Amino acid sequence: LEEESRVCTEKIEAERQLKVLKKQLELKSEAEKRLESIRAKTLEKKRKEQQIWKDRQKELAKKIEIENMLTEDAIAGAKRAEAELKALEEKEHKEILAREAAEKQLDEVRARI
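**Student:** Help me understand the overall build of the protein chain, please; the structure alone is not making it clear to me.
**Tutor:** Along its length, the protein chain carries one helix and zero strands. Each principal axis of the C-alpha distribution contributes one length, and for the protein chain these read about 165 × 10 × 10 Å. Burial status across the protein chain gives 0% buried among its 113 residues. Summed over its atoms, the accessible surface of the protein chain is roughly 11300 Å², and 58% of this surface lies on carbon and sulfur atoms.

**Student:** Where do I start with a negative patch on the surface in this structure?
**Tutor:** Side chains of E89, E90, E92 and E95 sit close together on the surface and give a patch of like negative charge. Inspection of the secondary structure puts E90 in helix α1 (residues 2-112).

**Student:** I would appreciate a short explanation of the pattern of salt bridges in the present structure.
**Tutor:** One side chain can pair with another of opposite charge once the charged atoms of both are near each other. Overall, the coordinates contain seven salt bridges when judged by the stated rule. Between E10 and R6 there is a salt bridge; the shortest N-O distance is 2.5 Å. In this pair, E10 and R6 are both assigned in helix α1, four residues apart and thus about one turn of the helix distant. According to the relative accessible area criterion, R6 is partly exposed, its value standing at 39%. Each of E3, R6 and E10 takes part in salt bridges that share partners, so that together they form one network.

Procedures and definitions
- Residues numbered from 1 in each chain as written.
- Predicted model: local features only at pLDDT ≥ 70, side-chain atom pairs only at ≥ 80, totals over all residues.
- Heavy atoms only, no water.
- Helix = DSSP H or I, 4+ residues; strand = E, 2+ residues; numbered from the N terminus.
- Buried < 20%, exposed > 50% of the residue type's maximum accessible area, 1.4 Å probe, protein only.
- Areas by Shrake-Rupley, 256 points an atom, 1.4 Å probe, with all protein chains shown as cover.
- Patch = residues over 30% accessible without salt bridge, like charges linked within 9 Å, V, L, I, M, F, W, Y side chains within 5 Å.
- Salt bridge = Lys/Arg side-chain N within 4 Å of Asp/Glu carboxyl O.
- Lys, Arg positive; Asp, Glu negative; His and termini not counted.
- Charge placed at Lys NZ, Arg CZ, Asp CG, Glu CD.

Here it is, written out as structure tokens:
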């Protein structure tokens, strides 16, 4: 009877320990699932941040390219304007010389008369 009582007590204790182990296993499984979920969310967040960074870099590169093109256009426009101004100044100078020469001829003709 004493042996049966001891066996029964051991069986009850073993069943209690089994329940505790099952509960611990269940808690461990839930914790692993939560951890995996957190890892997945973290990876997704990092991926999105990297994509945002790449997009910003592309946008910045486009802006720089546009600024460079506008600068090149402005430089070319300034050079054209400078060349046109020089041509106008030369034309004006020739006109002044031609007017002076005409006035000189006119003065010579008047002097002869």
